[in-house]
Amino acid sequence: MNSKYLDLLAQKYDSEEKVVTEIINLKAILNLPKGTEHFVSDLHGEYQAFQHVLRNGSGKVKEKIADLFEEELSAEEMNEFATLVYYPEEKIKLIKNAFDNDQELEHWYIQMIDRMLKLISYASSKYTRSKLRKALPDPFVYVVEELLYKTEDFTNKEPYYNKIVQQIISLGQADKLIIGLSYTTQRLVVDHLHVVGDIYDRGPEPDKIMETLINYHSVDIQWGNHDVLWIGAFAGSKVCLANIIRICARYNNLEIIEDVYGINLRPLLNLAEKYYEDNPAFRPKIETEDKPSALEREQITKIHQAIAIIQFKLESSIIKRRPYFNMSERLLLEKMDQDNHKITIHGKTYPLENTSFQAVDPDAPDQLLEEEEQVIEKLLFSVQHSEKLARHMKFLMKKGSLYLKYNGNLLIHGCIPLDEEGNMEKMTIENKTYAGRELLDIFEHYLRQAFAHPEETDDLATDMVWYLWTGEYSSLFGKREMTTFERYFISDKETHKERKNPYYHLRENEEMCRRILEEFDLNPDQGHIINGHTPIKEIDGENPIKANGKMIVIDGGFSKAYQSTTGIAGYTLLFNSYGMQLVAHKQFNSKEEVLRNGADVLSVKRLVDKELERKKVLETNVGEELLQEIYILNSLMEYRYMK
Ligand SMILES: O=P(O)(O)OC[C@H]1O[C@](O)(COP(=O)(O)O)[C@@H](O)[C@@H]1O
Ligand SMILES: [Mn+2]
């Protein structure tokens, strides 16, 4: 090992004892049970529902409460306590209002602090003390450690502990302590979070999800098609940018663009007001009682048309300059017969309805008007200068990837493009042909290149980001074509169907899944593929666990817009030292409801896989890293201290 490197390391470990202590510490960790991994996907801006799942650890908090207190507390009391752990600030407020006098409150504090400590002690039993310390509320670390590490000889110390708790209460710190301990518990039940794509679009608060993830103790992200659309916009792709605005208009969420990310929509609105009228096909899809007002609704409808037309024009130019995207069928503006309001697609002619092509020149349909050009330039400038968006997109890039191999599993939002026979589909880019893992790697390479060069707007890397959103062989899209145009302008629903890649039926087959795992150098006996992207329709009896447990699909529809088709409100997956469990969540309405009724969202668990022996850290990704650290520390020991 490089002696310079070891000299540097010796600055940190400047005594023999320090090295030895760290080696012993790391070896001890290797033998602890593996931490709990928590998988979520397709959050689609549903911050509140996501928060709830994080706060209850997909049922883990409740499970631990039941393990500890089943004998002692009623179901109602356990529910109350669980609600306190999920939403401590709000719950404390409610409780305080309900008590008549200080004694009652004090008694409650003592009881709750005691329960919290028991819960934390139990939830942290598989972690080192140092890890627990990091999870404790900062101002109370010393006090909590005193309280936690009670010796067996409890009777002698009891007055001492009671005194500490009394002091905390009389100094007015009890609320803060309970709140801190609640968050510690939430943090302890989940060691690491995987977000298997689609944080953005459709729902109202993707930015708040991003903030939560930025502050989360341990997380990785597998990009979804909607996430790369946002990355693409920030990286300079005008067509991705048109898409994100179009989707926000469609879902009545333009606040995300304007208020949250501070992007000025005024120039777009001016253009929209000039060219467009009300149009039923472009009214917002989701409306609430107070949003939007009649005027806003009309404005959104116009903006929606203006940006959709810009999008279609921009798509045409990319399709023409990238023949190997194989998308000439999507040159729809050119296929229109504008005089007769008709279009021929795949050899069949359909009437065009709800048309709004006043800005489309039949002789040059993909030409942006000068005004459109200016608008999109201004929007791009605004997007690329939004500090908040920059922070969120950088985080997506830092923690994200197109796929992830983690503890033997393959995590990927969409699919591995396959042909009907189950061969990996080939795509030729710039005269080189890629398939399977190599194809995904080259996609990721282009995406990172586009992000590194936001000033390039029409280069291959930037166009490729759009391909990832909508291309036939994109591992994130996984369908033959995106029928956005048809859904606006053609009423025949046959034209709206999007044909899925054969992957989506072949993944039911165990052999196929094994081959895919092998393609990624994973052990097919142990590994699983974990997918998001396609909502599982429980209503129709579809099973999220496929291919004899090799394939798990966790998109159950956090997205409110999709819950009526799935019949549930999302799946999450837990993988701890005992194995894997899939959790189906019932609809989450609001945290107010949880607080009011003390009731949790009911969730049903299904066993995916049971470990024959409890899995240890040694057998995980983290274990591999620790082994390397131990190896380096041993080298340091020999180099420095054993000569
Ligand atoms: O529901 P909407 O807004 O019409 O969007 C439908 C579009 O979304 C997509 O399903 C992609 O989004 P998902 O990744 O959430 O499936 C496209 O295939 C489809 O064209
Ligand atoms: Mn998706």
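Presented here is a report on the structure given in the accompanying data block.

Definitions and cut-offs
Residues numbered from 1 in each chain as written. Chains lettered and ligands numbered in written order. Predicted model: local features only at pLDDT ≥ 70, side-chain atom pairs only at ≥ 80, totals over all residues. Heavy atoms only, no water. Pairing = 2+ DSSP bridges. Helix = DSSP H or I, 4+ residues; strand = E, 2+ residues; numbered from the N terminus. Near = heavy atom within 4 Å. Polar contact = N/O pair within 3.5 Å; in protein donor to acceptor, adjacent residues only side chain to side chain. Areas by Shrake-Rupley, 256 points an atom, 1.4 Å probe, with all protein chains shown as cover. Donors = N, O, S within 2.8 Å, 3.2 Å for Na, K, Ca; no water. Buried < 20%, exposed > 50% of the residue type's maximum accessible area, 1.4 Å probe, protein only. Disulfide = S-S within 2.5 Å. Contact = heavy atoms within 4.5 Å. Axes fitted to C-alpha atoms, helices over the stretch in contact; angles between N-to-C directions. Parallel < 35°, antiparallel > 145°, perpendicular 65-115°, else oblique. Nonpolar A, V, L, I, M, F, W, Y, C, P; charged D, E, K, R; others polar. Phe/Tyr/Trp six-rings, centres within 6.5 Å; stacked < 30°, edge-to-face > 60°. Lys NZ or Arg CZ within 6 Å of the ring centre and 35° of its normal. Core = buried A, V, L, I, M, F, W, Y, C linked by side-chain atoms within 4.5 Å. Left-handed = near helix turned anticlockwise from the far one by under 90°. Patch = residues over 30% accessible without salt bridge, like charges linked within 9 Å, V, L, I, M, F, W, Y side chains within 5 Å. Salt bridge = Lys/Arg side-chain N within 4 Å of Asp/Glu carboxyl O.

**Considerations on the sheet that holds strand β4 (residues 336-337)**
Two pairing modes exist for strands in a sheet, parallel and antiparallel, and in both the strands are linked by backbone hydrogen bonds. Strand order in the open sheet formed by three strands is β4-β5-β6, with antiparallel pairing between adjacent strands. Sheet topology places β4 and β6 (348-351) at the edges, where each strand pairs with a single neighbour. Bridge analysis of strand β5 (residues 342-345) against β6 gives four bridges, and the strand direction is antiparallel. Across the sheet, the residue bridging to T344 is T349, located in β6.

**Here we look at the site of ligand 1**
Ligand 1 sits among 15 residues. The nearest are R250, Y251, R487, E498 and Y562. In this structure, an oxygen atom belonging to ligand 1 sits 2.7 Å away from a side-chain N or O atom of R250. In this structure, an oxygen atom belonging to ligand 1 sits 2.7 Å away from a side-chain N or O atom of Y251. Here ligand 1, which alone exposes 470 Å², has 88% of that area covered by the protein.

**Some details on the coordination of the manganese ion (ligand 2)**
Note on metal geometry: ideal angles are 109.5 degrees for four donors arranged tetrahedrally and 90 or 180 degrees for six donors arranged octahedrally. Within the protein, D198 (OD), N225 (OD1), H413 (NE2) and H533 (ND1) serve as the donor atoms for the manganese ion (ligand 2), at 2.1 to 2.3 Å. Each donor residue of the manganese ion (ligand 2) lies on the same chain, and together they follow the pattern D-x26-N-x187-H-x119-H. Placement of D198 in the loop between β2 (192-195) and α12 (206-214) and of N225 in helix α13 (residues 225-234) is noted, with a sequence separation of 27 residues between them. Judged on exposure class, the residue D198 and its partner N225 are both buried.

**A word on the state of the cysteines**
This model, assessed by the stated rule, comprises zero disulfides. With no disulfide partner, C248 has as its closest neighbouring cysteine sulfur the one in C240, 14 Å distant. Residue C248 is classed as buried on the basis of its relative accessible area of 3%. Here C513 stays free of any disulfide, with the sulfur of C415 as its closest cysteine sulfur at 12 Å. Judged by its relative accessible area of 0%, C513 is buried.

**Re the sheet that holds strand β8 (residues 403-406)**
Spatial ordering of the open sheet is given by β8-β9-β12-β14-β13, a layout of five strands whose pairing is mixed. With one partner strand each, in any of the chains shown, β8 and β13 (545-546) form the two edges of the open sheet. Bridge count for strand β12 (residues 529-531) against strand β14 (residues 551-553) is three bridges, and the pairing is parallel. In the sheet register, I529 faces β14, and the bridge partner there is M551. Here helix α21 (residues 436-452) sits on the sheet and contacts β8 and β9 (409-412); the angle it forms with β8, its principal contact strand, is near 120°.

**Comments concerning unusual backbone geometry**
Excluding glycine, residues mostly have negative phi values, and the peptide bonds linking residues are mostly trans. Of note, H341 is a non-glycine position whose phi angle comes to about 55°, a positive value. Residue class for H341 comes out partly exposed when judged on its relative accessible area of 41%. Its identity is not glycine, yet N431 carries a phi of approximately 70°, on the positive side. You can see N431 is positioned in the loop between β10 (426-429) and β11 (432-435).

**A few points about helix α16 (residues 266-275)**
Inspection of α16 places P267, L268, L269, L271 and A272 among the buried residues, and these make up the whole buried set. Among the structural elements, α14 (238-250), α17 (294-321) and α19 (370-384) are those in contact with the buried residues of α16.

**Here's the deal with the packing of helix α7 (residues 102-123) against helix α9 (residues 141-148)**
Axis separation between α7 and α9 bottoms out at 10 Å; the angle between their running directions is 80°. Classified by the angle their axes make, α7 and α9 are roughly perpendicular. Counting all contacts with α7, which are made through L117, I120 and S121, the residues of α9 involved are V144, L147 and L148. Residues belonging to the contact of α7 with α9 are distributed by class as follows: five nonpolar, one polar and no charged.

**A look at the packing of aromatic side chains**
Scanning the model with the defined rule gives 20 aromatic pairs in all. With a centroid separation of 5.8 Å and 55° between ring planes, the pair formed by W230 and Y261 is classed as tilted. Of the two residues, W230 sits in helix α13 while Y261 sits in the loop between α15 (254-260) and α16, which places them 31 residues apart along the sequence. With relative accessibility at 1%, the residue W230 sits in the buried group. Residue class for Y261 comes out buried when judged on its relative accessible area of 3%. Here the aromatic cluster, defined as three or more aromatic residues joined through ring pairs, consists of F282, F312, F357, F485, Y488 and F489. We note R115 situated over the ring of F81; from NZ or CZ to the ring centre the distance is 5.9 Å.

**A closer look at the nonpolar core**
Judged by nonpolar contacts, the single largest core of 198 residues is most densely connected at L213, W230, I245, L268, L379, F485 and I516. Broken down by element, this core gets its largest block of residues, 11 residues, from α17. The next biggest cluster of nonpolar side chains, apart from the first, holds 16 residues, and it includes L9, L26, L30 and V617.

**A closer look at the packing of helix α3 (residues 47-56) against α12**
Two elements in contact, α3 and α12, have axes separated by 9 Å at closest approach and are oriented at 30°. Taken together, α3 and α12 sit at an angle that is classed as roughly parallel. Regarding α3 and α12, the two cross each other, and that crossing is right-handed. Contacts from Y47, F50, Q51 and L54 of α3 reach α12 at K208, I209, T212 and L213. Tallied by class, residues from the contact of α3 with α12 come to five nonpolar, two polar and one charged.

**Quick look at the environment of L30**
Within the element layout of this structure, L30 appears in helix α2 (residues 16-30). Setting aside residues up to four positions removed in sequence, L30 forms contacts with K616, V617, L618, G623, L626, L627 and I630.

**Concerning a nonpolar patch on the surface**
On the surface, a nonpolar cluster with roughly 360 Å² of combined accessible area is contributed by M1, Y5 and Y631. The residue M1 is located in the segment before α1 (3-12) in this model.

These figures capture arrangement, not role.
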